[in-house]
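The lines below spell out each chain.
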Amino acid sequence: MLPDGEEKPTPMSTTEAGRKGGSAVRDKYGEDYYRRIGKKGGTALKEKRGTEYYRTIAKKGGSANMMKYGPNHFSEMGKKGGKTTKERQDPDFYSRIGKLGGSAKRHKKAE
């Protein structure tokens with residue numbers, strides 16, 4: 001105990017401090033704040049480094065995940081996602097998106 005009868009505050013972990021700070025910011029600026037600053041930062045990065053930067057980091061991330069989890073993991077995730085989509089959508093969903101895809105403009109792949 002401190003001389004004036006108050007207890008010494010216990011230190012908080014980095015995680016707790018981050019959560020507390022994040023909650024304070026959310027309460028002060030609103031939940032949409034993080035979305036706005038994320039978009040602003042993403043736009044600035046895109047202007048600075050170009051769209052190719054995103055392709056490069058996506059490939060790196062995809063390769064790292066493939067090494068970590070293996071191809072069967074992604075096959076299972078695809079099946080699981082397809083099953084969930086089928087359960088959530090009406091029976092004509094795949095017909096509609098197939099027509100949209102068929103009528104979409106084709107883009108030539110850059111080599």
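So, here's what we can say about the structure. Bear in mind that the values here come from a model prediction, so they are computed numbers and not experimental data.

What follows is about the packing of helix 3 (residues 51-69) against helix 4 (residues 71-88). The N-to-C vectors of helix 3 and helix 4 enclose an angle of 100°; their axes lie 6 Å apart at closest approach. The angle between helix 3 and helix 4 places the two elements in the roughly perpendicular class. Contacts from Asn65, Met66 and Tyr69 in helix 3 reach Pro71, His73 and Phe74 in helix 4. For the contact of helix 3 with helix 4, the per-class residue count stands at four nonpolar, two polar and no charged.

Under the criterion given, the structure shown has five salt bridges. The partner of Asp32 in a salt bridge is Arg35, with the nearest N and O atoms 2.4 Å apart. Here Asp32 pairs with Arg35, and both are found in helix 2 (residues 32-49), just three residues apart, close to one helical turn. Under the relative-accessibility criterion, Arg35 is labelled exposed at 59%. Of the charged contacts in the structure, one is a salt bridge between Glu52 and Arg55, with a shortest N-O distance of 3.0 Å. Placement of both Glu52 and Arg55 in helix 3 is noted, with a separation of three residues, approximately one turn of the helix.

Rules of the game
Residues numbered from 1 in each chain as written. Predicted model: local features only at pLDDT ≥ 70, side-chain atom pairs only at ≥ 80, totals over all residues. Heavy atoms only, no water. Axes fitted to C-alpha atoms, helices over the stretch in contact; angles between N-to-C directions. Helix = DSSP H or I, 4+ residues; strand = E, 2+ residues; numbered from the N terminus. Parallel < 35°, antiparallel > 145°, perpendicular 65-115°, else oblique. Contact = heavy atoms within 4.5 Å. Nonpolar A, V, L, I, M, F, W, Y, C, P; charged D, E, K, R; others polar. Salt bridge = Lys/Arg side-chain N within 4 Å of Asp/Glu carboxyl O. Buried < 20%, exposed > 50% of the residue type's maximum accessible area, 1.4 Å probe, protein only.

Shape descriptors only; they carry no functional weight alone.
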